[in-house]
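# Residue-level structural notes
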Amino acid sequence: MGRVTGKVALITGAARGQGRSHAVRLAEEGADIFLLDACAEIASVRYPLATEADLKETAELVAATGRRVIARTADVRSQEEMNDAVAETITEFGHVDIVCANAGIVGFAPTWELSEAEWQDVLDVNLTGVFHTVKAVVPTMIDAASGGSIVITSSIQAFRGSANIAHYNASKAGVMGLMRTLAGELGRHKIRVNTVNPSAVATPMLLNDATFGVFGPDLETPGPDDLWERSKARNVMDVGWVEPIDMSNAVLFLASDESRYITGASLPVDAGLLLQ
């Protein structure tokens, strides 16, 4: 216990899924948490997004660990909103040591059938949203002169590509390029920058009717069991997907001093998908 005691973590996409799991795990290990999520629907996204009730629940789960927590709605697509959120974090906590740039969305369609809105929304959230996050927070981390860790959520698909998610693949490959540049720029400030690269993760982004239909187009009413079996066939290990806690343990490692000389790296958590 206590692997990030005394640190403050800012987490985007924190209302549910991986973001919620990261928040609770980092709090369990001693960090105070600033939670951010847009908590609003995006018209081009075909599954329900997080709500303010979800964000409140995450805050309650963090508070139950005994750590301080603040939750705010903010959209990573807005530089102004991210600037305001970081300013409030500094006012309330004094510093930011860990950044989890986690907010993300996905959609499915052949590349040539993607609408302009589908393409742009995914790039705006998944790639430009990370840019807005680091642009807002990095100057405060440099000024604090105490180092830190930025962990960006990419995807295993950034290594291999996959049909029907060109916008998602482009965004997740893009954040890997951004990560490497930031790692080179920030190393002299003792700020490490890495990505985690999950395969399928059991979150609402995966477990929804839209995704079931993509993986089971030949089935009348595809569900999670069908998705599990078809996903499992892609992995070396005998699972269909990983759990949010598996991602959070990877994030915790990269956020802690245990990884003090790891920067510019992409960490797959994929049950062996890349080996296939």
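As annotated in an unreviewed UniProt entry, the protein carries the name Putative carveol dehydrogenase and is attributed to Rhodococcus wratislaviensis NBRC 100605.

## A short note on the side chain of Ser155
In this fold, Ser155 is placed in the loop between β5 (148-153) and α5 (157-160). From its side chain, Ser155 meets the backbone nitrogen of Gln157 in a polar contact 3.0 Å long. Apart from residues no more than four positions distant in its own chain, Ser155 is found in contact with Tyr168, Lys172, Val196, Asn197 and Pro198.

## A short note on helix α1 (residues 17-28)
With twelve residues, α1 should reach 16 Å at 1.5 Å per residue; the first-to-last C-alpha distance of 17 Å fits that figure. Burial analysis of α1 places eleven of its twelve residues in the buried class, the great majority of the element. Phi for Gly30, located one or two positions after α1, is positive at around 110°.

## Here's the deal with helix α9 (residues 244-255)
Between its terminal C-alpha atoms α9 stretches 16 Å, which fits the 16 Å expected from twelve residues at 1.5 Å a residue. The set of residues buried in α9 consists of Pro244, Met247, Ser248, Ala250, Val251, Leu252, Leu254 and Ala255.

## Things to note about the pairing of strand β1 (residues 8-12)
A large share of β1 lies buried, amounting to five of its five residues. Residues Val8, Leu10 and Thr12 of β1 are buried on one face, and the alternating residues Ala9 and Ile11, pointing to the opposite face, are buried as well. As paired elements, β1 and strand β2 (residues 32-37) share five bridges and run parallel to each other. What sits directly across from Ala9, in β2, is Ile33. Bridging between β1 and strand β4 (residues 98-101) involves three bridges; their strand directions are parallel. Bridging across to β4, Leu10 finds its partner in Val99.

## Re the sheet that holds β2
Taking strand neighbours across the sheet as the criterion, the seven strands line up as β3-β2-β1-β4-β5-β6-β7 in an open arrangement whose pairing is parallel. Both edges of this open sheet fall to β3 (69-73) and β7 (266-269), since each of them pairs with a single strand only. Neighbour to neighbour, the strand axes of the sheet diverge by 15° on average, direction disregarded. Note that β4 and β5 share four bridges and pair parallel. Bridge pairing in β5 places Ala101 opposite Ile152. Strands in contact with helix α2 (residues 52-63) are β2 and β3; relative to β3, the strand with the most contacts, it is inclined by about 170°. Each of β5, β6 (191-198) and β7 touches helix α6 (residues 166-186); the most contacted strand, β6, lies at about 160° to it.

## Focus: the packing of aromatic side chains
Applying the stated criterion across every chain yields a total of two aromatic pairs. Here Phe34 and Phe93 contribute two aromatic rings whose centre-to-centre distance is 6.5 Å and whose plane-to-plane angle is 85°, an arrangement assigned as edge-to-face. Of this pair, Phe34 sits in strand β2 while Phe93 sits in helix α3 (residues 79-93), and the two are 59 residues apart along the sequence. By relative accessible area, which is 0% here, Phe34 ends up buried. Look at Trp228 and Trp241: their rings are 4.9 Å apart centre to centre, the planes differ by 85°, and that puts the pair in the edge-to-face class. Taken as a pair, Trp228 in helix α8 (residues 224-232) and Trp241 in the loop between α8 and α9 lie far apart in primary sequence, 13 residues in all.

So, how was this worked out
- Residues numbered from 1 in each chain as written.
- Predicted model: local features only at pLDDT ≥ 70, side-chain atom pairs only at ≥ 80, totals over all residues.
- Heavy atoms only, no water.
- Helix = DSSP H or I, 4+ residues; strand = E, 2+ residues; numbered from the N terminus.
- Polar contact = N/O pair within 3.5 Å; in protein donor to acceptor, adjacent residues only side chain to side chain.
- Contact = heavy atoms within 4.5 Å.
- Expected span 1.5 Å × (residues − 1).
- Buried < 20%, exposed > 50% of the residue type's maximum accessible area, 1.4 Å probe, protein only.
- Pairing = 2+ DSSP bridges.
- Axes fitted to C-alpha atoms, helices over the stretch in contact; angles between N-to-C directions.
- Phe/Tyr/Trp six-rings, centres within 6.5 Å; stacked < 30°, edge-to-face > 60°.

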